[in-house]
Structures are given as structure tokens and as C-alpha cells.
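Fold and contact review
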Amino acid sequence: MKTNDDLLAELTGDSTQATKKDANLGALNAKLDEILFYVNVIKNSSVAKISTDEALTLLFTNQIIYLDTRDISITPHLMMRGIYEERLSKLIKQLVGDNDVYMDIGAGFGYYALLAGSEISPRGINFHLFEADENLITLLNKTLSVNGMAKYSRVNNMDMTDSDQAIDDYVSSNQIDRVDLVRIGVNGKEDVIYEGIRDTVHELPDMRVIIQFHFDQYSDPKAFFDLLRSDFEYIKTVPELGDSQEVVSYKELRSSHDGDIINLLLTNDAVEGFSI
């Protein structure tokens, strides 16, 4: 005859087995998602040349982007693989959805805006994009138009490093009361841009920010990091290689990364459930 202890052991064993199966199924689904991601990367690497300096390519999201073929930073990656900064690309897609509002300061060709647009179901002006280069503005507008995002976007040909222009003023004058995700990437001028968005950061505490941090471009990178740290509860690194880390000091940030540039995710929530 089975004792109560025997029955309990059997029941516990079944529960453990179920838990293991759930864990294995979760791991399998995650691996399948990763395989599908790379299949999309491979199948979407197609290019059509429009003119001497202009080309179209298909992203891993099945979206079309106009590019300047003279560019040697992002264009080669998008033309050959349909993706750039893989980990950051995945993160942006994870952080937005439904009717979210996305802001991009240093929008360039519109790559990151497209990634956000692949997840957002717009019902108004959901995309606020800033770019100083008039040539890029032309390509950006074409990209938004061909992907059906133009009517949901406000494109601003503005140099936000100009002391007379600030994101805070833009948000106030346009009566924007919601921004879910902001990306800031302006070739080492992020410290200047950030000074002009701090009021918005304080007024919209749920807003998340992805900022490109240049160790060798700011007059005082430690002071800039400390400023970011004072405004947000959490700062996480988004490296292309290696593990993401939560950092609480500039020393910790510097020791976590030996390159010149790293993307940081700034939030007031712990951002649970996202893979970085």
C-alpha cells in the first residue's frame, strides 16, 4: 500500500516534470523566434539602386528604406543584411506597441522609426522625428511615405544642438502629453540635446529613453552620466556584444565597455520581461 509520503512524492514529481516541460517549451519557443529572426534577415537582404547616390533596400521587418549609397556607417549593413545594431533593433521593437508615441532625435534615414512603426498601431501623430541634414530629410520622407507612415509622422528639419531650439519647447508648443520612447543619437552631441529635454523627462516619468553615449566626445562624460543617473532609476547598457548590465556609476559603466560608444536604456521602471 502506498503511504501518504509516497503519494506526495509522486504528485511532487509530476509537478516538477510539468515545470520542466514548461521551461523547455519556453526555451524552444525562444530559440524558434531567434531562428525566424535570422531567416528574415537573410531573405530580406535585397537592394534596388535608384540613382548614383540612392538605393532602396528591404529590412528584416519587411519594410522598405531609402538610403544614400555614399554613407559608410549604416548603409552597408542595411544593404547587405537588412539590419543594423541588432540588439538595439530588437529592443526598440520590444519597447513599443499599440498606440505608443515614439520620438527620434537624429532620425537619419528613419531606420529606428521604421522599427518602432512595425509594432505601433498609429491613430494620430505617433512619430516625432528630428533630423538636421536636409539631404537625409528627403530620404526620410520617402521612406515614411512608402511604408504608409507619413500621415502619422511629424518630420522636423531642425538642429536640436542649436541653443535656441529644445525638445522641451517642441513638446510644450505642440501640447504633447505622452511620449513612450525617445531615441537620442546625434554623433556626440547627446549631452547638449539632453539638457533641452529634461523638463519633459521630469513631466513624463513613464517615458523611456535610449541614448547613444560617447565616452570621448563630451567635455565631462562623468558629469553627463551623473546627470542621467539623477533623472532615472535605472540605467542599462545595450551592447552589441556581451551581456547587458545595470550600472549605477560612471566608473561601473566605463569598466563594462572598452569601446568609444555604447547605447544606454534609461527608465524609471525595471523593464521586466525584455531581452537585452
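All values derive from a computational prediction rather than experimental measurement. (Residues numbered from 1 in each chain as written. Predicted model: local features only at pLDDT ≥ 70, side-chain atom pairs only at ≥ 80, totals over all residues. Heavy atoms only, no water.)

Overview of the sheet that holds strand β9 (residues 234–238)
Strand order in the open sheet formed by seven strands is β6-β5-β4-β7-β8-β10-β9, and the pairing between neighbours is mixed. Looking at strand neighbours, the two that pair on one side only are β6 (153–156) and β9, the edges of this open sheet. For this sheet, the mean angle separating the axes of adjacent strands, direction not counted, is 15 degrees. Where strand β8 (residues 208–214) and strand β10 (residues 261–267) come together, six bridges link them in antiparallel fashion. Across the sheet, the residue bridging to I210 is L265, located in β10. Here helix α5 (residues 134–146) sits on the sheet in contact with β5 (127–130) and β6, set at roughly 175 degrees to β6. Strands β8, β9 and β10 of the sheet are contacted by helix α9 (residues 221–231), whose axis makes an angle of about 170 degrees with β8. (Pairing = 2+ DSSP bridges. Helix = DSSP H or I, 4+ residues; strand = E, 2+ residues; numbered from the N terminus. Axes fitted to C-alpha atoms, helices over the stretch in contact; angles between N-to-C directions. Contact = heavy atoms within 4.5 Å.)

Quick look at the pattern of salt bridges
Under the defined criterion, the tally for this structure stands at 13 salt bridges. Between R178 and D100 there is a salt bridge whose closest N-O contact spans 2.8 Å. Of the two residues, R178 is situated in the loop between α6 (167–173) and β7 (181–184) and D100 in the loop between α3 (86–95) and β4 (102–105); the sequence distance between them amounts to 78 residues. Among the charged side chains, a salt-bridge network with shared partners connects D53, D68 and R70. (Salt bridge = Lys/Arg side-chain N within 4 Å of Asp/Glu carboxyl O.)

A closer look at the layout of surface pockets
The volume enclosed by the largest pocket comes to roughly 780 Å³. Together, 35 residues line the largest pocket, and G106, R183, G185, N187 and Q212 are the ones closest to its centre. Among the elements of the structure, α4 (111–117) and β10 are those that each provide at least two residues to the lining of the largest pocket. Of the residues forming the lining of the largest pocket, the biggest block, three residues, is contributed by β10. When the residues that make up the lining of the largest pocket are grouped by side-chain class, the tally is 19 nonpolar, nine polar and seven charged. (1 Å grid on protein atoms, 1.4 Å probe; cavity = no way out; pocket = protein on both sides within 12 Å on 5 of 7 lines; lining within 4 Å. Points joined across faces, edges and corners; volume = space filled by probe spheres on them. Nonpolar A, V, L, I, M, F, W, Y, C, P; charged D, E, K, R; others polar.)

Description of α3
Taken across its ten residues, α3 has seven buried, putting it largely inside the fold. Residues of α3 that are buried: E86, L88, S89, L91, I92, K93 and L95. (Buried < 20%, exposed > 50% of the residue type's maximum accessible area, 1.4 Å probe, protein only.)

Considering the pairing of β8
Counting buried residues along β8, seven of its seven residues qualify, which places the element largely inside the surrounding structure. Residues R208, I210, Q212 and H214 of β8 are buried on one face, and the alternating residues V209, I211 and F213, pointing to the opposite face, are buried as well. In the sheet, β7 pairs with β8 via four bridges, with the strands oriented parallel. When the sheet's bridge partners are listed, V182 is paired in β8 with V209.

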